There are 2 protein chains.
Amino acid sequence: MAEDDVVFVGSKPVMNYVLAVVTQFNGGAKEVKILARGRAISRAVDVAEVSRARFLLDVSVKNIQISTEVLNTDRGETNVSAIEILLGK
Amino acid sequence: MAEDDVVFVGSKPVMNYVLAVVTQFNGGAKEVKILARGRAISRAVDVAEVSRARFLLDVSVKNIQISTEVLNTDRGETNVSAIEILLGK
């Protein structure tokens, strides 16, 4: 998978990220990885579901992983959950 | 899996649900399913990660599924994403 076949979901509207996913598949990608941390995890699931159900009917969820990442902040280390959703044809 | 080996995550603090998960495993459950919809999805991932990493070191994530559910509200049908995280020994 090329490095740019990754969509990192943050706080923008869901459709911004859906557009990014659809664009990558239409550009020839066979798989696209959707990544998110913390509260953006819910939005990442929305992005995967909307992309799959509404725009990319030949694409399905291949794998989902969750993990805990350690972030260094001003106030010391803090843990944040992360998700990785792999969509593929 | 018995019907009560399910923890439905809503808007309470993460540790409330972690306690429910840990209690079910300590009560003999071999698998516990964590369910959530919409914005609670991020919290469900936190519940799974905290349960696994801090309290149940012999438990791992067996499967994760995402889906779209149709809710009937006053203003008509609306779609909401859902997640199902299966933890098991």
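The structure presented is a predicted model; accordingly, all values stated were derived computationally and were not measured.

J.: So, the sheet that holds strand β4 (residues 76-88) of chain B: which residues are in play, and what are the values?
T.: Read from one edge to the other, the open sheet built from four strands follows the order β1-β2-β4-β3 (chain B), with strand pairing classed as mixed. If you trace the sheet from one side to the other, it starts and ends with β1 (6-9) and β3 (60-73) of chain B, each paired once. Strand after strand, the sheet turns through a mean of 20 degrees between neighbouring axes, direction not considered. In terms of strand pairing, strand β2 (residues 31-37) of chain B meets β4 of chain B through seven bridges, oriented antiparallel. Of the residues in β4 of chain B, the one forming a bridge with A36 of chain B is I83 of chain B. Together, β3 and β4 of chain B form the strand contacts of helix α2 (residues 40-55) of chain A, whose direction differs from that of β3 of chain B by roughly 70 degrees. The strands that helix α2 (residues 40-55) of chain B touches are β1, β2, β3 and β4 of chain B; relative to β4 of chain B, the one it contacts most, it runs at about 5 degrees.

J.: Before we move on, can you summarise the pairing of β1 of chain B with the specific residues and values?
T.: Residue and element names in this part refer to chain B. Only one face of β1 is buried, namely the one carrying V7 and V9, since none of V6 and F8 on the opposite face is buried. With four bridges connecting them, β1 and β2 associate as parallel partners. For V7, the partnering residue across the bridge sits in β2 and is I34. Taking the sense of rotation as the criterion, the β-α-β connection linking β1, helix α1 (residues 14-26) and β2 turns out right-handed.

What counts and how
Residues numbered from 1 in each chain as written. Chains lettered and ligands numbered in written order. Predicted model: local features only at pLDDT ≥ 70, side-chain atom pairs only at ≥ 80, totals over all residues. Heavy atoms only, no water. Pairing = 2+ DSSP bridges. Helix = DSSP H or I, 4+ residues; strand = E, 2+ residues; numbered from the N terminus. Axes fitted to C-alpha atoms, helices over the stretch in contact; angles between N-to-C directions. Contact = heavy atoms within 4.5 Å. Buried < 20%, exposed > 50% of the residue type's maximum accessible area, 1.4 Å probe, protein only. Right-handed = clockwise from strand over helix to strand, strands pointing away.

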